[in-house]
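# Close look at the chain arrangement
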Amino acid sequence: MRKLGRKALALSLALVLGTSMLLTGCGGSKSGNKGGSGDGDLGISMKLDKNVKGDISIMVWSGDGNYYEDIGNPDSAAGKKLADPANIKASNVAQVYAVAKKFNETYPNVKINVVDAFSNEQSKLLLQGEVDLGIASLPLMDSRLAYAKLFEEDILLAIHKDSHVNDYFKNKDDNNLTIEDLNKLRSESFIMCQKGRNLRDISIAICHKAGFEPNIVYETPSCENITEMILQDIGLGFVPRRTIEAYPPDRRPRYYRILDDISSQTFVLAYREGALSR
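Everything numeric here is computed off the predicted structure, so don't read it as measured data.

Calculation rules
- Going along each chain's sequence as written, the residues are numbered from 1 onward.
- Only residues with pLDDT of at least 70 get local features here, since the model is predicted, and only at 80 or more are side-chain atom pairs given and counted; chain-wide, interface and lining totals rely on the full set of residues.
- Only hydrogens and water are set aside when side-chain values are computed; all heavy atoms of the structure are taken into account.
- Here a helix means four or more residues in a row that DSSP labels H or I, a strand means two or more in a row labelled E, and each is numbered from the N terminus.
- Residue exposure (1.4 Å probe, protein chains only): buried if accessible area is under 20% of the type maximum, exposed if over 50%, otherwise partly exposed.
- Residue contacts follow a heavy-atom distance rule, with two residues in contact if any of their heavy atoms lie within 4.5 Å.
- For every accessible area listed, the method is Shrake-Rupley and the probe measures 1.4 Å; residues are considered covered only by the protein chains on display.
- Two strands are said to pair when DSSP picks up at least two bridges between them.
- A clockwise path from the first strand over the helix to the second, with the strands pointing away from the viewer, defines a right-handed crossover.
- What pLDDT reports is the predictor's confidence in each residue, on a scale of 0 through 100.
- As used here, the term nonpolar core means buried Ala, Val, Leu, Ile, Met, Phe, Trp, Tyr and Cys residues forming a set that is joined through side-chain atoms within 4.5 Å.

## Considerations on the overall build of the protein chain
Counting its regular elements, the protein chain contains 6 helices and 12 strands. Buried positions account for 51% of the 278 residues belonging to the protein chain. Contacts in the protein chain between residues far apart in sequence, at least 24 positions, make up 78% of those at least 6 positions apart. For the protein chain, the exposed area adds up to about 12900 Å²; of that, 46% sits on carbon and sulfur atoms.

## Looking at unusual backbone geometry
A positive phi angle, near 55°, is found at Asp70, a position not held by glycine. Mapping Asp70 onto the fold places it in the loop between β3 (67–68) and α2 (77–82). Judged by relative accessible area, Asp70 falls into the buried class, the value being 13%. A positive phi angle, close to 60°, is found at Asp233, a residue other than glycine. Along the chain, Asp233 turns up in the loop between α6 (223–231) and β10 (237–240).

## Describing the pairing of strand β9 (residues 215–220)
Judged from the 5 bridges that link them, strand β8 (residues 189–193) and β9 form a sheet pairing that is parallel. Residue pairing across strands places Ser189 opposite Asn215, the latter belonging to β9. Read as a crossover between parallel neighbours, the route from β8 over helix α5 (residues 198–210) to β9 is right-handed.

## Observations concerning the confidence of the model for the protein chain
Confidence in the prediction of the protein chain, expressed as mean pLDDT, is 79, and 78% of residues score 70 or more. Every residue in residues 22–46 scores below 50 in pLDDT, and together they form 60 contacts with partners more than four places removed in sequence or on other chains.

## Describing the nonpolar core
One broad trend across soluble globular proteins is that nonpolar side chains are buried collectively. In terms of nonpolar packing, the biggest core is built from 33 residues, with Leu157, Phe169, Leu182, Leu185, Phe190, Ile206 and Phe238 touching the most fellow members. The element that contributes the greatest number of residues to this core is α5, accounting for 6 residues. Apart from residues no more than four positions distant in its own chain, Leu182 is found in contact with Leu157, Leu177, Ile206, Ala210, Phe212 and Ile258. With 26 residues, the next largest nonpolar core counts Val96, Val110, Ile135 and Phe267 among its residues.

Listed below in structure tokens is the structure:
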């Protein structure tokens, strides 16, 4: 049985992940980059021997805090656990699990392991070689990391559908807001991610550009928890567009799109420069 180097395995997995995320409506491209400079090309190819053997460890953002070994193998402990949808608590874990299952069907001897890590932990794990790849949002925290762009995603303002805050925007029939519109939220309560998450940095930057310091009443490790608290009308918050599909239409908050470049994030497949040379 042929054992392939991690570079070929990682690039092939990157192609599958990127294609999957494009098909789910996230958008994006596959141009490679080094140290945030926007240079380079990964040259991803799926021309692998189906008998290839190897393993790849990949990090996810805002996951559920668990480690999944051989996630795509239906006979592994992770595969058996995630076969029950009730055990999938985070949308990004669901995404990688779906990709890994498909990958396993064609390449059953390639083991894909999944690790959850905060944004500020991902760089350290990649540089130390503890993981091969990381799905992260820009900016990366170390110039020694290279990346392949996966997709860009809008950050939306989410408000409980019955909250009085919606009255501020009752004349906005299209649910599109300008940065100036957000200044009306200066006295409201916000739920945000804990420090170390890029989503928190983006959320605070949006508030600052709107001209106010957010009143943060609760901090949570995941964007899914932000939505859950909004549904309890504890406060309002900023969430990635991908979280919308996690809830049926009758349970969703009311979402508003912010018409400003600051309200988006770019997700990439990050890796240590030179780590995939073999």
